[in-house]
Amino acid sequence: MASSTVPFSLIFFFFLLFISSSIAQQSFRPKSLVLPITKLQSSNQYITTFKQRTPLVPLNLTVDLGGQFLWVNCEDSYHSSSYKPARCRSAECSLANSKACGTCNDKPKPGCNNNTCALFPDNPFGPITTIGDVGSDVISLQSTNGKNPGQSVLAPKILFVCGANLLLEKLDGGVKGMVGLGRGKMGLPSQLASTFSFNRKFAICLGSQNGVIFFGNGPFTFLPNLEISSRSSLIYTPLLFNPVSTAGSYFQGEPSAEYFIGVKAIKINGKNVPINTTLLAIDKQGNGGTKISTVQAYTMLQTSIYEAVSDAFSKALEQVPRVKPVAPFKVCFNSSFLGSTRVGPGVPQIDLVLQSKSVVWRIFGSNSMVNVGDDKLCLGFVDGGLEPRTSIVIGGHQIEDNYLEFDLAASRLGFTSSLLFRQTNCGNFNFTSNV
């Protein structure tokens, strides 16, 4: 019987090829990462997807711009050889700023370990808050050259909190948790910046159907070959610090992880709207001010601000017939009497005046109006009540097709107002891979 042998030189060649490939994969340092966003029309929730665990499992997660951290349901089939609980008084627990140490009487598993620190995962759509173990695991995201997605990269020790089945209530689209992009150390932007030596910077661009999140440094380009992340394209305003947490549950003395900006006045068609400006400041108890949110579908205004804005807007459109309102909106118009422009229905522009009269976030018809059918267009702002925690919450509809860059290190927001003026939109990042 004949026998055959593989030449040693060939074995050595394949060994070198394997080693070279492994080293190349390990040494690849992306300059930026990209995540897709899909809007669910049924719930107005913004969903992203990435992979976690060993072996990797794809997860649908609801995007929470001001969320403190990533939380994932561990109660339903969480299996991973790379999961590690964060032991009490460890460096991980210190980073998480956890002051709770949990115990579990069941068999050890993700979400059930003794001597493990805990935090409070929060579902603001419920609203529901529980307590959950802090742990770490691998996640996989796609790199990008700013124009296309590139090869996938592993972040080996991303801290997150284990949630339970009940936390998934009112979350849509097969979602298994929420990804918090807040400004704290456990927010995904800070963790990815630390892992890959990025600047602590990320950008979000929501669309009415599709959008995108970028982590790290640009430039970022949208079809048809428009670079929208340059300094010349953005308007800058400071991110303000709220010393009191605005989360559903938190430890005493914990600051807010949400993104606040300094709205000083509101104008409609260039005219000041008379509002109580003391409501626009953040007080010592953390109340008031203006924040940006992806879990609030439409911009919410404290009652007196809402009434002033809606009255001024209606007066500017007094020649257009009003129609019966459609909840949650109170001011609606016959759309057949309104023209159309590149940036949506031809209605008065709404200006959020920021740190000076020359720094304005301009809201055009595509972001101020909502088509509710039957020739009805409604002013897409809602009454937040007499004493909301935050006086103005800029919601998802108002920031769609606006490019927002959050620079955590410089504590500033760069924004564009509507990209429709530039004949592109947030769904125009080319997700066709270049590798």
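No experiment lies behind these values; they were computed from the predicted model shown.

Description of the overall build of the protein chain
Right, so step 1: On a plain count of helices and strands, the protein chain comes out with six helices and 34 strands.
Right, so step 2: On C-alpha atoms alone, the protein chain measures out to a radius of gyration of 24 Å, which is about the 22 Å that the 2.2 N^0.38 rule sets for 435 residues.
Right, so step 3: Each principal axis of the C-alpha atoms in the protein chain carries an extent, and together these give about 95 × 50 × 40 Å.
Right, so step 4: Here the protein chain holds 435 residues, and 53% of them are scored as buried.
Right, so step 5: Here the analysis covers contacts within the protein chain between residues at least 6 apart in sequence; of these, 68% occur between residues at least 24 apart.
Right, so step 6: For the protein chain, the exposed area adds up to about 19,800 Å²; of that, 53% sits on carbon and sulfur atoms.

Here's the deal with the pattern of salt bridges
Right, so step 1: What the rule picks out here adds up to five salt bridges.
Right, so step 2: A salt bridge links Arg-362 to Asp-351; the nearest nitrogen and oxygen atoms lie 2.8 Å apart. On the criterion of sequence distance, the pair formed by Arg-362 in strand 28 (residues 360–363) and Asp-351 in strand 27 (residues 350–353) is long-range, its members being 11 residues apart.

Looking at the sheet that holds strand 24 (residues 332–334)
Right, so step 1: Here we have four strands laid out as an open sheet, ordered 23-24-30-29, and antiparallel in their pairing. The open sheet has two free edges, formed respectively by strand 23 (322–323) and strand 29 (369–373), since each of these has just one partner strand.
Right, so step 2: Two elements, strand 23 and strand 24, share two bridges in a ladder whose sense is antiparallel. Counterpart to Val-323 in the pairing with strand 24 is Cys-332.

So, the state of the cysteines
Right, so step 1: In total, this model carries six disulfides according to the counting rule given.
Right, so step 2: There is a disulfide in this structure between Cys-74 and Cys-162, and the S-S distance comes to 2.0 Å. Linking Cys-74 and Cys-162, the disulfide has an S-S dihedral of approximately -70 degrees and is accordingly described as left-handed. On the criterion of sequence distance, the pair formed by Cys-74 in the loop between strand 4 (71–73) and strand 5 (84–85) and Cys-162 in strand 11 (residues 149–163) is long-range, its members being 88 residues apart. Of the two residues examined, Cys-74 and Cys-162, each falls in the buried class.
Right, so step 3: Two residues share a disulfide in this structure: Cys-104 and Cys-112, whose sulfurs sit 1.6 Å from each other. Taking the sign of the S-S torsion, about -80 degrees here, the bridge from Cys-104 to Cys-112 comes out left-handed.
Right, so step 4: Cys-112 sits in the buried class, given a relative accessible area of 5%.

Quick notes on empty space enclosed by the protein
Right, so step 1: Taken as a whole and judged by the stated rule, the model has one cavity of 30 Å³ or more.
Right, so step 2: Here the largest cavity defines a volume of roughly 60 Å³.
Right, so step 3: Lining the largest cavity are Ile-266, Thr-299, Leu-301, Val-309, Ile-350, Leu-352, Ile-363, Phe-381, Ile-392 and Ile-394.
Right, so step 4: Of the residues belonging to the lining of the largest cavity, the class tally is nine nonpolar, one polar and no charged.

Here we look at the confidence of the model for the protein chain
Right, so step 1: Per-residue confidence for the protein chain averages 92 on the pLDDT scale, and 93% of its residues sit at or above 70.
Right, so step 2: Contacts for the low-pLDDT stretch residues 8–25, under 50 throughout, to residues beyond four places or in other chains number one contact.

Some points on unusual backbone geometry
In terms of backbone geometry, most residues other than glycine have negative phi values and most peptide bonds are trans.
Right, so step 1: Cis geometry is adopted by the peptide bond preceding Pro-127, which originates at Gly-126 and carries an omega value of -10 degrees.
Right, so step 2: Relative to the assigned elements, Pro-127 resides in the loop between strand 8 (122–123) and strand 9 (128–129).
Right, so step 3: Of note, the amide linkage connecting Ala-327 to Pro-328 takes the cis form, showing an omega dihedral of 10 degrees.
Right, so step 4: Structurally, the position occupied by Pro-328 is in the loop between strand 23 and strand 24.
Right, so step 5: We note that Asp-401 has phi near 60 degrees; this positive angle belongs to a residue other than glycine.
Right, so step 6: Looking at the element boundaries, Asp-401 is found in the loop between helix 6 (396–399) and strand 33 (402–407).
Right, so step 7: The class for Asp-401 is buried, based on a relative accessible area of 13%.

Quick notes on the side chain of Ser-32
Right, so step 1: Looking at the secondary structure, you find Ser-32 in strand 1 (residues 32–40).
Right, so step 2: Side-chain polar atoms of Ser-32 contact the backbone oxygen of Thr-144, separated by 3.1 Å.
Right, so step 3: Once residues within four sequence positions are removed from consideration, Ser-32 is found in contact with Ser-143, Thr-144, Phe-198, Phe-215, Gly-216, Asn-217 and Phe-220.

Here we look at the packing of aromatic side chains
Right, so step 1: Applying the stated criterion across every chain yields a total of 19 aromatic pairs.
Right, so step 2: Here Tyr-78 and Phe-160 contribute two aromatic rings whose centre-to-centre distance is 5.9 Å and whose plane-to-plane angle is 20 degrees, an arrangement assigned as stacked. With Tyr-78 in the loop between strand 4 and strand 5 and Phe-160 in strand 11, this pair connects stretches of sequence that are 82 residues apart. The same class applies to Tyr-78 as to Phe-160, namely buried.
Right, so step 3: Put simply, the rings of Phe-214, Phe-220, Phe-222, Tyr-403, Phe-429 and Phe-431 touch in pairs and so form one group of aromatic residues.
Right, so step 4: Cation over ring: Arg-322 sits above Phe-333, and NZ or CZ is 5.9 Å from the ring centre.

Quick look at the layout of surface pockets
Right, so step 1: Quantified by volume, the largest pocket comes out at close to 500 Å³.
Right, so step 2: Taken together, 31 residues make up the lining of the largest pocket; nearest its centre are Asp-122, Pro-124, Thr-246, Glu-258 and Lys-291.
Right, so step 3: At three residues, the largest contribution of residues to the lining of the largest pocket is made by strand 12 (residues 177–180).
Right, so step 4: Of the residues that constitute the lining of the largest pocket, the class distribution is 14 nonpolar, 12 polar and five charged.

The rules we used
Residues numbered from 1 in each chain as written. Predicted model: local features only at pLDDT ≥ 70, side-chain atom pairs only at ≥ 80, totals over all residues. Heavy atoms only, no water. Helix = DSSP H or I, 4+ residues; strand = E, 2+ residues; numbered from the N terminus. Rg over C-alpha atoms; globule rule 2.2 N^0.38 Å. Buried < 20%, exposed > 50% of the residue type's maximum accessible area, 1.4 Å probe, protein only. Contact = heavy atoms within 4.5 Å. Areas by Shrake-Rupley, 256 points an atom, 1.4 Å probe, with all protein chains shown as cover. Salt bridge = Lys/Arg side-chain N within 4 Å of Asp/Glu carboxyl O. Pairing = 2+ DSSP bridges. Disulfide = S-S within 2.5 Å. 1 Å grid on protein atoms, 1.4 Å probe; cavity = no way out; pocket = protein on both sides within 12 Å on 5 of 7 lines; lining within 4 Å. Points joined across faces, edges and corners; volume = space filled by probe spheres on them. Nonpolar A, V, L, I, M, F, W, Y, C, P; charged D, E, K, R; others polar. pLDDT = per-residue confidence, 0-100. Polar contact = N/O pair within 3.5 Å; in protein donor to acceptor, adjacent residues only side chain to side chain. Phe/Tyr/Trp six-rings, centres within 6.5 Å; stacked < 30°, edge-to-face > 60°. Lys NZ or Arg CZ within 6 Å of the ring centre and 35° of its normal.

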